[in-house]
Amino acid sequence: MLSDPQEYYCQVWSYLASHSQVLIRASKNRSEAQDAIYFLFTGVFYFDGPTQWQGAELETGTPDKFLEVLRQRKELDEIPDDHLLAKLHLYEFRMSNWHFKVKIIASEATQLNSLPADFSWLIHSDK
């Protein structure tokens, strides 16, 4: 849990389509990475939001909200709700200046204090 999550600036730092992974960098200073933390989403199915925003308060959406967002995607209509709820989750970042939330549907989310190994090639971009 972050102290003062609304002071962090978030940016989609990388997306690996081949692994369905989204990496978001959050930092109190937009141009420096000393205080950066990372949110790694795996098994990403859906992303709705800008690529940069302020506010790193991450919440897990309710099952009803998850199904509401997911059912907008018609290709999954044949899959039972309980199966979807067992495999995927709705994650939301509350943006500090707007009533809008960044929404990500993925199988897992992890908060990290450094770049994950799969993204080590980004080290030069993170200085």
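Coordinates for the structure precede this section.
Model, not experiment: these values are computed from the prediction. All residue numbers refer to position in the chain's written sequence, counted from 1. The model is predicted, so local features are restricted to residues of pLDDT at least 70 and side-chain atom pairs to those at 80 or more, both for listing and for counting; the totals for chains, interfaces and linings are taken over all residues. With hydrogens and water set aside, each side-chain value is computed from the structure's full complement of heavy atoms.

> I keep staring at the sheet that holds strand β4 (residues 46-48) and nothing clicks. Help me out?
At least two DSSP bridges between two strands are required for those strands to pair. Each helix corresponds to a stretch of at least 4 residues labelled H or I by DSSP, and each strand to a stretch of at least 2 residues labelled E; elements are numbered beginning at the N terminus. Strand order in the open sheet made by the four strands is β4-β8-β7-β6, with antiparallel pairing throughout. Each edge of the open sheet carries a strand with a single partner, namely β4 and β6 (57-60). Averaged over neighbouring strand pairs, the angle between their axes works out to 20° when direction is ignored. Of the strand pairs in this sheet, strand β7 (residues 89-94) and strand β8 (residues 101-106) are connected by six bridges, and their pairing is antiparallel. Residue pairing for β8: E92 is matched across the bridge by K103. Lines fitted to C-alpha atoms define the axes, with helix axes restricted to the stretch in contact, and inter-axis angles between N-to-C directions lie between 0 and 180 degrees.

> Any chance you could explain the pattern of salt bridges here in plain terms?
Side chains bearing opposite charge may pair, as long as their charged atoms lie close to each other. Salt-bridge detection follows one rule: a side-chain nitrogen of Lys or Arg within 4 Å of a carboxyl oxygen of Asp or Glu. Overall, the coordinates contain seven salt bridges when judged by the stated rule. Its salt-bridge partner being E7, residue K28 comes within 3.7 Å of it at the nearest N-O pair. Remark: E7 occurs in the segment before β1 (9-16) and K28 occurs in the loop between β2 (21-27) and β3 (37-42); sequence separation between them is 21 residues. Only protein chains enter the calculation, and the probe is 1.4 Å; a residue is then buried if its accessible area is under 20% of its type maximum, exposed if over 50%, and partly exposed in between. Exposure remark for E7: the relative accessible area of 40% places this residue in the partly exposed category. Between E59 and K101 there is a salt bridge; the shortest N-O distance is 3.1 Å. Taken as a pair, E59 in strand β6 and K101 in strand β8 lie far apart in primary sequence, 42 residues in all.

> Explain the pairing of β8 to me, please; I cannot follow it from the model alone.
Both faces of the sheet carry side chains from a regular strand, because those side chains alternate between them. Buried residues dominate β8, accounting for five of its six residues. The sheet contact formed by β4 and β8 spans three bridges and is antiparallel. If you follow D48 over to β8, its bridge partner there is K103. Linking two consecutive strands that pair antiparallel, namely β7 and β8, is a turn of six residues.

> So what exactly am I meant to see when it comes to the sheet that holds β1 here?
Within a sheet, neighbouring strands are paired by backbone hydrogen bonds and run either parallel or antiparallel to one another. Strand order in the open sheet formed by five strands is β5-β1-β2-β3-β9, with antiparallel pairing between adjacent strands. Two strands bound the open sheet, and with one partner strand each, they are β5 (52-54) and β9 (108-112). On average, each strand axis in the sheet is inclined to that of its neighbour by 25°, with strand direction left out of account. Across three bridges, the pairing between β1 and β5 is antiparallel. Counterpart to Q11 in the pairing with β5 is Q52.

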